[in-house]
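Observations on chain architecture
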Amino acid sequence: MKQLFLQLLTLITLAGCSKDQLNTGPQVDIYLLKSFTTTVNQSTTPATISITDAVLDNTPLVTNKNISAYIQATHKFILNKDIQTAIANFGPDKAFAVTVDKQPIYYGLFHPTYLSSINFGVATISPILVNNNELQIDFPTIDNNSLLQQLDLRNDSQLIQALKMTNRLQ
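The sections below set out a description of the structure shown in this document. In this text the structure is predicted, and so the values were computed from the model without any measurement.

Side note on the layout of surface pockets
Empty space among the atoms can be located by rolling a probe the size of a water molecule over them. What the largest pocket holds in volume is close to 210 Å³. In terms of lining residues, the largest pocket is bounded by 15 residues, among which Ile-49, Ser-50, Gly-121, Val-122 and Leu-151 are the most central. For the lining of the largest pocket, the secondary structure elements donating two or more residues are β2 (48-56) and β6 (103-110). With four residues, the top contributor of residues to the lining of the largest pocket is β2. For the lining of the largest pocket, the residue count by class is ten nonpolar, three polar and two charged.

The following block contains the structure:
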């Protein structure tokens, strides 16, 4: 009986530690942008879009505590909340930032599937393709285009390290 009590106490302690680690580790959040400027660099092949003069919204669209996991190979955030209804009607006038401790790692645009254009150089979220609690972030690219590969920061080392430290990297 004493051993069972000790095992139960250990299990409760370990469960509490993992929750604390999520709260005390680096904070990964996804913010909408209050304002931003998009610029097109016509000197690159293909022409690339960048976001500058970005101002984060006051509160995150997706908070650190809402992120259950990040699948590195597919660039998909698994959330413990339904994100689809929140972004279903977002158009190309909306942008976002993925941050670590409120510092932007990369920016992106919402890109509804009814648009036939391709936004090279910037991450995109297609609101209609979001599946309830899965937030897929895409980055249009062309095979063997080193410029586009350099601009793709979805697996930036700071972001990956923050997710790894809080045991959410898959």
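Structure shown, so let's carry the discussion forward.
Description of the sheet that holds strand β5 (residues 95-100)
What the five strands build is an open sheet, ordered β2-β1-β5-β6-β7; its pairing is mixed. Here the strands that pair on one side only, and so sit at the sheet edges, are β2 and β7 (123-125). Across this sheet, the average inter-strand angle for adjacent strands is 45 degrees, counted without regard to direction. Sheet topology note: the strand β1 (residues 28-41)/β5 ladder contains five bridges and is antiparallel.

Quick look at unusual backbone geometry
Geometrically, the link from Thr-45 to Pro-46 is a cis peptide bond, its omega value of 0 degrees lying close to zero. When you line up the elements, Pro-46 lands in the loop between β1 and β2. At Asp-101, a residue that is not glycine, the phi angle is positive and equals roughly 50 degrees. With respect to the helices and strands, Asp-101 occurs in the loop between β5 and β6. Even without glycine at this site, Asn-132 takes up a positive phi of about 45 degrees. Structurally, the position occupied by Asn-132 is in the loop between β7 and β8 (134-136). Using a relative accessible area of 36% as the deciding quantity, one classes Asn-132 as partly exposed.

Some points on the environment of Phe-110
Inspection of the secondary structure puts Phe-110 in strand β6. Relative accessible area serves as the criterion here: at 1%, Phe-110 is assigned to the buried category. Along the chain, Phe-110 and Ile-137 lie 27 residues apart, while their C-alpha atoms are 9.6 Å from each other. Excluding residues that lie within four positions of it along the chain, Phe-110 makes contacts with Leu-32, Leu-61, Ile-87, Phe-90, Gly-91, Pro-92, Lys-94, Ala-95, Phe-96, Ile-125 and Pro-127.

Considerations on the nonpolar core
Judged by nonpolar contacts, the single largest core of 30 residues is most densely connected at Phe-77, Ile-87, Phe-96, Tyr-106, Leu-135 and Ile-137. Those elements that place two or more of their residues in this core are β1, β3 (67-71), β4 (76-79), β5, β6, β7 and α4 (157-165). It is α4 that provides the largest number of residues to this core, a total of four residues.

Reading guide: rules and limits
Residues numbered from 1 in each chain as written. Predicted model: local features only at pLDDT ≥ 70, side-chain atom pairs only at ≥ 80, totals over all residues. Heavy atoms only, no water. 1 Å grid on protein atoms, 1.4 Å probe; cavity = no way out; pocket = protein on both sides within 12 Å on 5 of 7 lines; lining within 4 Å. Points joined across faces, edges and corners; volume = space filled by probe spheres on them. Helix = DSSP H or I, 4+ residues; strand = E, 2+ residues; numbered from the N terminus. Nonpolar A, V, L, I, M, F, W, Y, C, P; charged D, E, K, R; others polar. Pairing = 2+ DSSP bridges. Axes fitted to C-alpha atoms, helices over the stretch in contact; angles between N-to-C directions. Buried < 20%, exposed > 50% of the residue type's maximum accessible area, 1.4 Å probe, protein only. Contact = heavy atoms within 4.5 Å. Core = buried A, V, L, I, M, F, W, Y, C linked by side-chain atoms within 4.5 Å.

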